[in-house]
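So the chains spell out like this:
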Amino acid sequence: MTNGRAELIVVGTGYRAVGDLTLEAKACLEQADTVLCLVGDPMVIGYLERLNPSVRTLAGFYAKGKHRSESYEEMVQEILSEVRRERLVCCAFYGHPGVFAYPGHEAVRRARLEGIPARMLAGSSAEDWLFADLGLDPGTCGCQSFEASDFLLRRRVFDATSLLVLWQVGVIGMTDRDPDFDARVGAALLAERLAGAYGVDHEVVVYEASPYPVTSPRISPVPLAKLADTQLTNKSTLVVPPLPARPPDRETAARLCAPT
Ligand SMILES: C[S@@+](CC[C@H](N)C(=O)[O-])C[C@H]1O[C@@H](n2cnc3c(N)ncnc32)[C@H](O)[C@@H]1O
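Think of each chain on its own: its residues are numbered from 1, step by step along the sequence as written. In view of the model being predicted, local features appear only for residues whose pLDDT reaches at least 70, and side-chain atom pairs are presented and counted only at 80 or more, with totals across whole chains, interfaces and linings using the full set of residues. Only hydrogens and water are set aside; all other atoms, that is, all heavy atoms of the structure, feed into the side-chain values.

Asks: Can you break down the site of the ligand residue by residue, with the values?
Replies: Whether a residue is near a molecule or strand depends on its heavy atoms: it is near if one of them lies within 4 Å of it. Of all residues adjacent to the ligand, which total 17 residues, the nearest are Tyr15, His96, Val99, Ala209 and Thr237. Counting of polar contacts relies on pairs of N or O atoms within 3.5 Å, with two restrictions inside protein: one atom must be capable of donating a hydrogen and the other of accepting it, and residues adjacent in sequence are counted only when both atoms are side-chain atoms. In this structure, an oxygen atom belonging to the ligand sits 2.7 Å away from a main-chain N or O atom of His96. In this structure, Ala126 approaches the ligand through a main-chain N or O atom, which is 2.8 Å from an oxygen atom. A total of 580 Å² of accessible area belongs to the ligand in isolation, and the protein chains cover 93% of it. Throughout, the ten residues Ala, Val, Leu, Ile, Met, Phe, Trp, Tyr, Cys and Pro are labelled nonpolar, Asp, Glu, Lys and Arg are labelled charged, and all others, Gly among them, are labelled polar. In the shell around the ligand, the residues fall into eight nonpolar, seven polar and two charged. Here, Shrake-Rupley sampling with a 1.4 Å probe gives the accessible areas, and only protein chains in the shown set may cover a residue.

Asks: Give me the lowdown on the sheet that holds strand β5 (residues 118-120), citing residues and values where you can.
Replies: Strand pairing is assigned whenever DSSP identifies at least 2 bridges connecting the two strands. Secondary structure elements follow DSSP: runs of H or I no shorter than four residues count as helices, runs of E no shorter than two count as strands, and numbering proceeds from the N terminus. Across the sheet, five strands lie side by side as β3-β2-β4-β1-β5; this open sheet has parallel pairing. Two strands close off the open sheet at either side, each with one partner strand: β3 (56-57) and β5. Two elements, strand β1 (residues 7-12) and strand β4 (residues 88-93), share six bridges in a ladder whose sense is parallel. Residue pairing across strands places Glu7 opposite Leu88, the latter belonging to β4. Here, residues are in contact when the closest pair of their heavy atoms is within 4.5 Å. Fitted lines through C-alpha atoms serve as axes, helices being fitted only where they are in contact, and the angles separating the N-to-C directions of these axes extend from 0 to 180 degrees. Relative to strand β2 (residues 34-38), helix α3 (residues 68-83) is tilted by about 170°, and along the sheet it contacts β1, β2, β3 and β4. Each of β1, β4 and β5 touches helix α4 (residues 102-113); the most contacted strand, β5, lies at about 155° to it.

Asks: Give me the lowdown on the sheet that holds strand β7 (residues 163-167), citing residues and values where you can.
Replies: Across the sheet, which stays open at both edges, the five strands sit in the order β6-β7-β10-β8-β9 with mixed pairing between neighbours. Each having just a single partner strand, β6 (143-147) and β9 (218-223) make up the two edges of the open sheet. Taking the axes of each pair of neighbouring strands and ignoring which way they run, one obtains an average angle of 20° across the sheet. Packed onto the sheet, helix α5 (residues 126-134) meets β6, β7, β8 (203-208), β9 and β10 (237-240) and runs at close to 120° relative to β8.

Here you go:
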């Protein structure tokens, strides 16, 4: 049965189960005809089911040996096929639904091309939690965020005197969804690249946000020389603290102070 109200709303569940869910996202989930989700935590899935019994997970589209881009395309198709049935669809992704997350953005883009109203609500990303847990402010010396495989493959240019955040460090080079993936090869390559700018003794932090207020986040400091021997998972984000700031550019400072 359809009710003629095709619309797509993409929301994020954040990291804290379930405290990161905004009131607006919760209302969307409750009001939806269909809820689709890509959320790892069974407690969050259980909560979504209580909000709306229609919940279905998109996780089944992942498989070992299947390229992730193929899985993402199937997720987008699944979301759109629900919306085309004239349904109000709410799709929930963990973290921020548009941060290092392709299917939500793509589903919104294609729905709009078909004239279907579609929007995304912001959620708390791993980086938001990292700023809170590690006491870092991106305003202090700037902040650069890269996907780790992309950082290596495209030789991304970065400023070592600014904070560097590298996502997906535990799955460098992984193209499918392989639970037995060996992270060491990618980690060694990454450590080598970073050591060229920071030196092998530079201490970086492997960070994993905690889903529960009663358990601590993982905050593992490690010198670059030992990064490849450190446990890295699909939840690990690498934080590379900056080198000391370079002095301000005198000419620019003079021009900023000069009367116009
Ligand atoms: C596909 S991205 C999804 C990011 C998510 N959309 C967000 O807003 O944070 C997966 C990457 O997010 C980061 N991540 C996932 N879970 C995390 C956690 N519990 N703590 C820190 N970073 C995490 C890791 O870098 C991981 O490889």
